[in-house]
Amino acid sequence: MSTEAVSDVPAESDRSGILAPVTASLIGRETHRNAPAGRIKPQDVPDVLRTLKTESGLDHLSCVTAQQYPDRYETMYHLRSYDDPTQEASIVVPTSSEEPRSTSGTTAFQTAAWHEREAFDLVGIEYDDHPDLRRILLPETWQGHPLSLDYDQDQPQIVPLREQDGSAHAIASEGREGTMFINIGPHHPATHGVMHLKLTLDGEQVAAVEPDIGYIHRCEEQMAQNCTYRYQIMPYPDRWDWSGGGLLNEWAYARAAESLADIEVPEYAQVLRTMSAEFSRILAHMLAAGAYALDVSGDFTATFMYAINERERVQKILEDLTGQRLMFNYFRLGGVVWDLPEPRSEFFEQVRSYLDGLPERLTDIHNLLTGNEIIQTRTVDTGVLPAEVAKDYGCTGPVARGSGVDYDLRRDDPYGYYDRLEWNVITEPDGDNYSRLLVRLQEVEESAKIIDQCVDLLEEWPVDERTIQSNVPRTIRPDDDTEGYWAVEAAKGELGIYMRADGTEKPARFKIRGPSFSNLQALPAMTVGGQVPDLIATLGSLDTIMGEVDR
Amino acid sequence: MIGILKGMATTMKHALDGKTFTVKYPETAPEVSPRFRGVHKFSQERCIWCRQCENVCPNDTIQIVMDDQRNGEQYNLHIGQCIYCRLCEEVCPVDAILLTQNFEFTADTKDEFIYNKEQLKNVPWYKGIDPLNSRNPDRGAWIGEGDGEVDYQ
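Residues numbered from 1 in each chain as written. Chains lettered and ligands numbered in written order. Predicted model: local features only at pLDDT ≥ 70, side-chain atom pairs only at ≥ 80, totals over all residues. Heavy atoms only, no water.

Undergrad: In this structure, what is going on with the overall build of chain B? I would like to understand it.
TA: A tally of regular secondary structure across chain B gives six helices and five strands. Within chain B, contacts between residues at least 6 apart in sequence are counted, and of these 71% link residues at least 24 apart. Counting every atom, chain B has about 8,800 Å² of accessible surface; 52% of that belongs to carbon and sulfur. (Helix = DSSP H or I, 4+ residues; strand = E, 2+ residues; numbered from the N terminus. Contact = heavy atoms within 4.5 Å. Areas by Shrake-Rupley, 256 points an atom, 1.4 Å probe, with all protein chains shown as cover.)

Undergrad: Can you help me understand the overall build of chain A in this one?
TA: Within chain A one finds 17 helices and 15 strands. Its C-alpha atoms give chain A a radius of gyration of 23 Å, within 12% of the compact-globule value 24 Å for 551 residues. Within chain A, the proportion of its 551 residues that are buried is 63%. The long-range fraction of contacts in chain A, counting pairs at least 24 apart against all pairs at least 6 apart in sequence, stands at 69%. (Rg over C-alpha atoms; globule rule 2.2 N^0.38 Å. Buried < 20%, exposed > 50% of the residue type's maximum accessible area, 1.4 Å probe, protein only.)

Undergrad: Can you help me understand the packing of helix α6 (residues 267-296) of chain A against helix α8 (residues 344-370) of chain A in this one?
TA: Residues and elements named next belong to chain A. Viewed as axis vectors pointing N to C, α6 and α8 meet at an angle of 25°, and their least axial separation amounts to 13 Å. On the basis of their axis angle, the class for α6 and α8 is roughly parallel. Relative to α8, α6 is oriented so that their crossing is left-handed. Here α6 contributes Y268, M275, F279, I282, M286, A289 and A293 to the contact with α8, which in turn contributes R344, F347, V351, Y354, L362, I365 and L369. Across the contact of α6 with α8, the residue classes break down as 13 nonpolar, no polar and one charged. (Axes fitted to C-alpha atoms, helices over the stretch in contact; angles between N-to-C directions. Parallel < 35°, antiparallel > 145°, perpendicular 65-115°, else oblique. Left-handed = near helix turned anticlockwise from the far one by under 90°. Nonpolar A, V, L, I, M, F, W, Y, C, P; charged D, E, K, R; others polar.)

Undergrad: Mind showing me how you'd approach the interface of chain A and chain B here?
TA: The parts lose accessible area when they come together, and the size of an interface is often stated as this lost area. With 35 residues of chain A at the contact, the number on the chain B side is 31 residues. For the pair chain A and chain B, the summed buried surface comes to about 2,700 Å²; carbon and sulfur atoms form 50% of the total. One can count three salt bridges joining chain A with chain B. When the shortest N-O distance is used, the salt bridge between R332 of chain A and E90 of chain B registers 2.5 Å. Across the contact surface, chain A and chain B share 22 residue pairs in polar contact (both at pLDDT 80 or more). (Buried area = accessible area lost by both parts, 1.4 Å probe. Salt bridge = Lys/Arg side-chain N within 4 Å of Asp/Glu carboxyl O. Polar contact = N/O pair within 3.5 Å; in protein donor to acceptor, adjacent residues only side chain to side chain.)

Undergrad: Which parts of the structure should I look at to understand the sheet that holds strand β5 (residues 114-115) of chain B?
TA: Across a sheet, paired strands are connected by hydrogen bonds in the backbone, their directions being either parallel or antiparallel. All names here are of chain B. Judged by pairing direction, the sheet is antiparallel, and its three strands sit side by side in the order β2-β3-β5 without closing on themselves. The open sheet has two edge strands, β2 (62-66) and β5, and neither has a second partner. As judged from the two bridges shared by strand β3 (residues 72-78) and β5, these two strands associate in the antiparallel manner. The residue of β5 that forms the bridge with H78 is I114. (Pairing = 2+ DSSP bridges.)

Undergrad: What exactly am I supposed to notice about the nonpolar core here?
TA: Soluble globular proteins tend to bury their nonpolar side chains together. Residues and elements named next belong to chain A. Y253, M275 and Y330 are the most contacted members of the largest nonpolar core, which totals 95 residues. Take this core: its biggest share by element is 14 residues, from α6. Dropping the residues within four chain positions of it, Y330 is found in contact with L247, E250, L272, S276, L321, T322, V336, V337 and W338. Counting residues in each nonpolar core, the second largest holds 67 residues, with L52, A119, V399 and A487 among its members. (Core = buried A, V, L, I, M, F, W, Y, C linked by side-chain atoms within 4.5 Å.)

Undergrad: I keep staring at the domain arrangement of chain A and nothing clicks. Help me out?
TA: All names here are of chain A. Each assigned domain of chain A is listed here: domain 1 (11-128), domain 2 (167-212) and domain 3 (220-236 + 245-325 + 343-550). Taken over C-alpha atoms, the centre of domain 1 sits 27 Å from the centre of domain 3. Across the domain 1/domain 3 interface, buried area totals approximately 2,800 Å², and carbon plus sulfur atoms make up 51% of it. Of all residues in domain 1, the largest losses of buried area upon contact with domain 3 belong to R33, Y82 and W114, amounting jointly to 28% of the total for that side. Between domain 1 and domain 3 we count six salt bridges in total. Residue D59 pairs with K391 through a salt bridge whose shortest N-O separation is 3.9 Å. (Domains from an automatic or database assignment.)

Undergrad: Mind showing me how you'd approach the confidence of the model for chain A here?
TA: Here chain A averages 86 in pLDDT, while 94% of its residues score no lower than 70. Here residues 1-14 of chain A is modelled with pLDDT under 50, and outside its nearest four sequence neighbours on either side it reaches 26 contacts, counting other chains as well. (pLDDT = per-residue confidence, 0-100.)

Undergrad: I tried to follow the packing of aromatic side chains on my own but got confused; where do I start?
TA: By convention here, two paired aromatic rings are described through the distance between centres and the angle between planes. Residues and elements named next belong to chain A. Across all of its chains, the model carries 21 aromatic pairs over all chains by this definition. Taken together, the ring pairs connect W251, Y330, F331, Y415, Y418 and W423 into an aromatic cluster. Between the NZ or CZ atom of R420 and the centre of the ring of Y417, over which it lies, the distance is 4.1 Å. (Phe/Tyr/Trp six-rings, centres within 6.5 Å; stacked < 30°, edge-to-face > 60°. Lys NZ or Arg CZ within 6 Å of the ring centre and 35° of its normal.)

Undergrad: Is there a simple way to explain the sheet that holds strand β9 (residues 196-202) of chain A in this structure?
TA: Residues and elements named next belong to chain A. Taken in spatial order, the three strands line up as β8-β9-β10 in an open sheet, and their pairing is antiparallel. The open sheet has two edge strands, β8 (180-184) and β10 (205-212), and neither has a second partner. Taking each pair of neighbouring strands and ignoring which way they run, the sheet shows an average axis angle of 20°. As paired elements, β9 and β10 share seven bridges and run antiparallel to each other. Within β10, the residue paired with L201 across the bridge is V206. Against the sheet, helix α16 (residues 532-542) contacts β8, β9 and β10, and its axis sits at roughly 150° relative to β9.

Undergrad: What is the right way to read the pairing of β2 of chain B from this model?
TA: Regular strands place side chains that alternate from one sheet face to the opposite one. Residue and element names in this part refer to chain B. Burial along β2 is one-sided: the residues I62, I64 and M66 are buried and none of Q63 and V65 is. As paired strands, β2 and β3 are joined by five bridges and run antiparallel to one another. In the strand pairing of β3, V65 is matched with Q74. Linkage of β2 to β3, two consecutive antiparallel strands, is achieved through a turn of five residues, within which R70 is found at a positive phi near 65°.

Undergrad: Any chance you could explain the pairing of strand β1 (residues 26-31) of chain A here in plain terms?
TA: Residue and element names in this part refer to chain A. Bridging between β1 and strand β2 (residues 36-40) involves five bridges; their strand directions are antiparallel. Residue pairing for β2: T31 is matched across the bridge by P36. Remark: four residues form the turn of the hairpin made by β1 and β2, two consecutive strands paired antiparallel.

Undergrad: Just checking my understanding: could you explain helix α1 (residues 45-55) of chain A for this structure?
TA: Residues three or four positions apart in an α-helix share a direction because the helix packs 3.6 residues into each turn. Residues and elements named next belong to chain A. Taken as a whole, α1 has its buried residues at V45, P46, V48, L49 and L52. Taken together, the buried residues of α1 touch β2, β4 (72-80), β5 (88-96) and β6 (101-103). Within two residues after α1, G57 carries a phi angle of roughly 75°, on the positive side.

Laid out in structure tokens, this is it:
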């Protein structure tokens, strides 16, 4: 984070010229490990973001990170391009310690709204021109901002009931006569966890919907900041997205930490990672498809069982490989913890027989689910999310791909062994609930292709080159002030992690960009004007896991 | 209509093929993978009280008490708080703590899950699976115990 005057920037840091259109607004440069970074003044935020969006093609605001230094606050906008995610830039907005006041980027990117609310909630930066600056994860009456440096953790948070804001209905139905206010959740089966939808109905129509999140905020970011890089953080990513996507989440942390601390990963370990991560994706997508059937109609209990049956087969394989059925803790910095179980031939046989039976079982699931007229009636042309809106809300993963946005970090920002394997990115053009379901089921097929190729590779791998971990010291201390944002394609989309090191063995700031957080934000755009049952169907199709929304 | 009939045909096909996917627990003990991570087993004979496991534990599940001579007095592990990440086993230089395949544990209150070193020693092996042998066959040589069968008791 060395700061230099604009004039004597090293030439290579701006090699891509990606920040060129906004040079006039820059008040300094920073060194981020992943992308060129520039500092701007708070009042320039909307203009700079808009210019970068239109002129540099950075149309994806993946994440907003806020943090406090001893002498200042910082808001960071991590931007990248949907067409080519390797084109990225970070915009840093320093604000003073005394009065942390910045300007909102919502006019340039809708998705900034929730991210800035989170920054306000947890760190305490205020954003001018923000349409709705309220707490998002913590209760409205919370005292203090937990990730700020002077936060007193022992402060009592006792608030009488009368202080609680009961105005939800009043706000939601303002200016709408004759509407009805309904709560869906926080304990509604279709909310997949604990989410609360504040719903305003005008007759049968949804007039307004506001997701109220934070019910299972578990301080994951702060927990990671209290854990050591080398071992302690890795078990936790499994618990962000608990639907089975654990290995994909672990990869997000592994990628970020390995990039931050310059750790090499042996090829063999990369193949193991790729194979196991794709199994993890099958797990997650199978739960999504099975549970979605239940969301849409209770008649699909049998379909749910078929999907769970499929998961069980994968879980058996992953249990043999990683030792656990959901909370794998299989990746380590610099590789993985175990080689394939012995005897290897038996394991390969197990995987092969799984893959051989998969097409037939997928046909069964298609017959039960996607071919069924009830599902089609409920999902085709409901919850439509146009590609432009999806981009504006920072949607990624199957939600974006179901809207025809061809964005997959496995291919576009390659890591692991993906770029050396033959597989396709699945997209569907329609953007409705049905498309998202189709995308997930087809991605299972693609995952199977990837696994098949990995097994071929592993079978032929020379015995003396099976290095599962590079030589990583027991304590890792990345250099002071190294920072960066890295992401991988998790089950729900782009799972990114921003990390800043301060020279100790624990990260100074650890920010998680949960893909479901951004995807869920698009819910009102997809459902307002529709009917309540379609709202439930749409919510289910987003496949949000509240663990990574609330973190 | 055709779609619904196809779905019914699919369920009928599987209803009639006579295959069961589940086992009748607890009459039938399920197969558990040798790498599976269950309740810990601790060996005081092996432990050198280096406190690596206590240090690496992500959520302070292990609590060790030593006297001023650095002799171990207590080894407490809260098996209800543990997240079963197996990091303690991984960092232990003498394999004094292992995660067995045993996943069956019950108690009336959560406090009863705080196991002391005697309770940890008495955790039974699951189906006689030796976790160390199945997970790290090379670890035995590393600690200089030869190639033969190892008796952890």
